[in-house]
Amino acid sequence: NPRVVTTAEQVYKYKVRRAFVAEFSCERERAGAPCWPVLPMSLNFSAPVPRALAEQVRLKASGGAAMAPVIDKGNPTEDLTSVSFPRPLPENATLTIELPPNFHDNAGRALSNASAFPLSVKTAEAPPIAKFATAPFGVVELNADAMLPVTLRHVQGDLRPIANAN
């Protein structure tokens, strides 16, 4: 068993990759609040994941069917760094994100936070929509998603419409 012994200091430069993790994100009214069911929920990966595995991630409602992630069909890449789920989602629900068995990145590394899955997430009520009862029209943004572009919260009871200046 040959052994090389040296007294000279040896320095090796190398980079360590960040651990492979999956992180959930959603829009909320404030930190710690449930997710808004009308806005996207996504699972982001710190390293690329083979498309075939990413397509197997599921969002399940209690007593409901499993929802597959929405992946842009125009994206031909074999590796994905995130998936999102269809919307709108059920209001005031507890949902579970489940990963397929042996989930790994494109280098074969196992998920370092695998113990967090299945991950439970909650949804809130959809945000209220302000209606203008006295106005004969509504404002709709051209080429927008099927949502009101502005959400009003905590509207005071004494808020009155401004009269037309014409």
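Position numbers for residues start from 1 in each chain and track the written sequence from start to end. Reporting of local features is limited, given that this is a predicted model, to residues whose pLDDT is at least 70; pairs of side-chain atoms are given and counted only at 80 or more, and all residues count toward the totals for whole chains, interfaces and linings. Water and hydrogen atoms play no part in the side-chain values, which are based on all heavy atoms of the structure.

Describing the side chain of Ser-42
Stage number 1. Every helix listed is a DSSP run of H or I at least four residues long, and every strand listed is a run of E at least two residues long, numbered separately from the N terminus. When you line up the elements, Ser-42 lands in strand 2 (residues 41-50).
Stage number 2. Polar contact criterion, stated in full: a pair of N or O atoms within 3.5 Å, where within protein one must be able to donate a hydrogen and the other to accept it, and residues adjacent in sequence count only if both atoms are side-chain atoms. Looking at Ser-42, its side chain comes within polar contact range of the side chain of Ser-25, at 2.9 Å.
Stage number 3. If we skip the residues at most four places from it in the chain, Ser-42 touches Glu-23, Phe-24, Ser-25, Val-83 and Ser-84. For this analysis, residues touch if any pair of their heavy atoms sits within 4.5 Å.

Some details on the sheet that holds strand 5 (residues 79-84)
Stage number 1. Strand pairing is assigned whenever DSSP detects at least two bridges linking the two strands. Taken in spatial order, the three strands line up as 1-2-5 in an open sheet, and their pairing is antiparallel. Strands with a single pairing partner mark the edges of an open sheet, and in this sheet they are strand 1 (22-26) and strand 5. Taking each pair of neighbouring strands and ignoring which way they run, the sheet shows an average axis angle of 20 degrees.
Stage number 2. Bridge count between strand 1 and strand 2: five bridges; the pairing is antiparallel. Looking at strand 2, one finds that Ala-22 is bridged to Phe-45. Throughout, an axis means a line fitted to C-alpha atoms (over the contacting stretch in the case of helices), and angles, computed between N-to-C directions, take values from 0 to 180 degrees.

Brief notes about the sheet that holds strand 6 (residues 94-98)
Stage number 1. Spatially, the four strands line up as an open sheet ordered 4-3-6-7, and their pairing is antiparallel. Bordering the open sheet on either side are strand 4 (66-67) and strand 7 (119-122), each of which pairs with just one other strand.
Stage number 2. Where strand 6 and strand 7 come together, four bridges link them in antiparallel fashion. Its bridge partner lying in strand 7, Leu-95 is registered against Val-121.

Topic: the pattern of salt bridges
Stage number 1. What makes a salt bridge here is a side-chain nitrogen of Lys or Arg within 4 Å of a carboxyl oxygen of Asp or Glu, nothing more. The full count for this structure, using the stated rule, is five salt bridges.
Stage number 2. Where Arg-18 meets Glu-23, a salt bridge forms, and the shortest distance between an N and an O atom there is 3.0 Å.
Stage number 3. Only protein chains enter the area calculation, which uses a 1.4 Å probe; residues under 20% of their type maximum are buried, those over 50% are exposed, and those in between are partly exposed. A residue is classified by how much of its surface remains accessible, and Arg-18, at 51% relative accessible area, is exposed.
Stage number 4. In this structure, Glu-98 engages Lys-60 in a salt bridge whose closest nitrogen and oxygen atoms are separated by 3.0 Å. One end of the pair, Glu-98, is in strand 6; the other, Lys-60, is in strand 3 (residues 58-61), with 38 residues separating them in the sequence.
Stage number 5. Looking at Glu-98, the relative accessible area reads 28%, which means it is partly exposed.

In short, shape yes, function no, at least from these values alone.
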